[in-house]
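Topology and contacts: notes
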Amino acid sequence: MRIGTPGSVALMEPDLYYGSYLRLDKLLEAQELESTKAGETVHDEMLFIVVHQAYELWFKQILWEMDEVRRIFGQTIVDDADMGTVISLLRRITEIQKLLVQQVSVLETMTPLDFLDFRDYLFPASGFQSAQFRLVENKLGLRPEDRMKLGGAPYTSRFNPDDMGSVAASEQEPSMFDLVERWLERTPFLDHKDFSFWEAFQKAVKERLEADRDVVESNPRLTAEEKTAQLKDFDTTMEQYEALFDPDKHAEQQAAGKRRLSHRAFQAALFITLYRDQPALQGAFRLLELLMDIDEGFTTWRYRHAQMVLRMIGRRIGTGGSAGAKYLEKSAERSRIFGDLYNLSTFLIPRADRPPLPAGIVESMRFKYEG
Ligand code: HEM
């Protein structure tokens, strides 16, 4: 028993008990088999339910972490001291994602024939209606226009009114993508007195490409065809850089859905990636890496789920009415959120060619210890 402080009325609360703390009464009674209700229990339906419920619990945890990261990034100034917290929460999400992928194998111990014993009871319910999964997608930054329609209707049309409300509301909140973009746009150091990273970077790229072009043109060992092929390659690379350097072309690429980050945010991400050895940029670089890890984690899960579905139901349609595995493969292709961060590698130049940073910037990016 817990006893109140001296002088107060004694509080006779029972000791905290494991099962009540975890609400196991609710949790362990939440497995109601449709096959049992229909009069004949199908053994594997229990696994099917438990696995889905385990996923939903992990989705809940991921949302919990994402909301905290979004709270921190929603501040006008993201304190350096918060960066460590953000990094550890994002890393936690990536560890959970590994479990999400592994869990598919547990479900695959159920064979397609076992599944057929109760599949008909499931129509028209489907993972497509997982509101938490949709919240994760929206809070990460998947836009309505990136989504595939099912039977011409938006993804929200399959929800009950409660889920529809919460999922639609999440579309209006600033996503991790939005917040990270704004944070990137605020990156200091891109301009310092008469130094402009963007101008210096363009100059370095042009010098490098021209030097490489000269090497190809003057190489006597190359055949005429090889020379033409390599010079063509340079032209393609140059075009890609020009599209990067020109704000109007960048805007065109955004409109065509080939780029998503603003021009300024893209520059900042490139700056962080190029100068990541600088102490003050290490946290920012780690963050960009983790965002890619999270994107990759969900893409891996989506393909793994699609493979499992193909194995389980072949080319049949899903219980939610989609084209099944084919729909899922397409959905995996379209659901990357931080694609721009992967594209950064296209524009990296070797360390030796990086424009040197002015001493003033280098000094302000160092951690200083006094005393
Ligand atoms: C036997 C196991 C499973 C089968 C055969 C299956 C099948 C499918 C199919 C066919 C779809 C497409 C929508 C539809 O037509 O229904 C779908 C979507 C989905 N499923 Fe599963 N699923 C299985 C297990 C799971 C599990 C364990 C989860 C974990 C939560 C899950 C989560 C989802 C999600 C989130 C979607 C929406 C994906 C998107 O729209 O991109 N599924 N599933």
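Residues numbered from 1 in each chain as written. Predicted model: local features only at pLDDT ≥ 70, side-chain atom pairs only at ≥ 80, totals over all residues. Heavy atoms only, no water.

1. Some details on a positive patch on the surface
Let me state the cut-off plainly: What makes a patch is a set of residues exposed beyond 30% relative accessible area and free of salt bridges, joined within 9 Å when like-charged and within 5 Å when nonpolar (Val, Leu, Ile, Met, Phe, Trp, Tyr). Note on areas: Shrake-Rupley with a 1.4 Å probe; residue coverage comes only from the protein chains shown. Whenever a carboxyl oxygen of Asp or Glu lies within 4 Å of a side-chain nitrogen of Lys or Arg, that contact is scored as a salt bridge. His is not counted here, nor are the chain ends, while Lys and Arg score as positive and Asp and Glu score as negative. Every charge is mapped onto a representative atom, which is NZ of Lys, CZ of Arg, CG of Asp or CD of Glu. Only runs of H or I of at least four residues qualify as helices and only runs of E of at least two qualify as strands under DSSP, and these elements are numbered from the N terminus. Partly exposed describes any residue whose relative accessible area lies between the buried limit of under 20% and the exposed limit of over 50%, with all areas from a 1.4 Å probe on protein chains only and scaled to the type maximum.
A cluster of basic residues, Arg-315, Lys-326, Lys-330 and Arg-334, forms a positive patch at the surface. Relative to the helices and strands, Lys-330 resides in helix α15 (residues 325-334). Of the residues examined, Lys-330 reaches a relative accessible area of 47% and is grouped as partly exposed.

2. Quick look at the layout of surface pockets
Let me state the cut-off plainly: Using only the protein atoms, space was sampled on a 1 Å grid; points where a 1.4 Å probe fits but cannot get out form cavities, open sets with protein on both sides within 12 Å along at least five of seven lines form pockets, and lining residues are those with an atom within 4 Å of a point. Grid points are joined across faces, edges and corners, and a volume is the space filled by probe spheres set on the points.
Estimated volume of the largest pocket: approximately 1,300 Å³. Contributing to the lining of the largest pocket are 43 residues, with Phe-48, His-52, Ser-126, Gly-127 and Phe-128 lying nearest its centre. Those elements that provide at least two residues to the lining of the largest pocket are α4 (45-73), α5 (80-107), α6 (112-119), α7 (131-140), α14 (282-313) and α15. When residues in the lining of the largest pocket are grouped by element, the largest group, nine residues, is from α4. Around the second largest pocket sit 21 residues that line it, and Val-78, Asp-80, Trp-183, Pro-188 and Ala-280 are the ones nearest its centre.

3. What about empty space enclosed by the protein?
Quick note on the threshold: Each residue gets one label: Ala, Val, Leu, Ile, Met, Phe, Trp, Tyr, Cys and Pro are nonpolar, Asp, Glu, Lys and Arg are charged, and the others, such as Gly, are polar.
Inspection of the entire model under this criterion finds four cavities of 30 Å³ or more. Approximately 90 Å³ is the volume attributed to the largest cavity. Along the walls of the largest cavity sit Arg-134, Glu-137, Leu-142, Asp-146, Arg-147, Met-148, Tyr-155, Arg-302, Tyr-327, Ser-331, Arg-334 and Ser-335, which together make up its complete lining. Secondary-structure elements contributing two or more residues to the lining of the largest cavity are α7 and α15. Per element, the largest residue contribution to the lining of the largest cavity is three residues, and it comes from α15. Taken together, the residues that form the lining of the largest cavity break down as four nonpolar, two polar and six charged. The computed volume of the second largest cavity comes to approximately 70 Å³. If you go around the second largest cavity, the residues you meet are Phe-133, Val-136, Glu-137, Leu-140, Asp-295, Phe-298, Thr-299, Arg-302, Ser-335 and Ile-337. Contributing elements (two or more residues each) for the lining of the second largest cavity: α7 and α14. Across the lining of the second largest cavity, the residue classes tally to five nonpolar, two polar and three charged.

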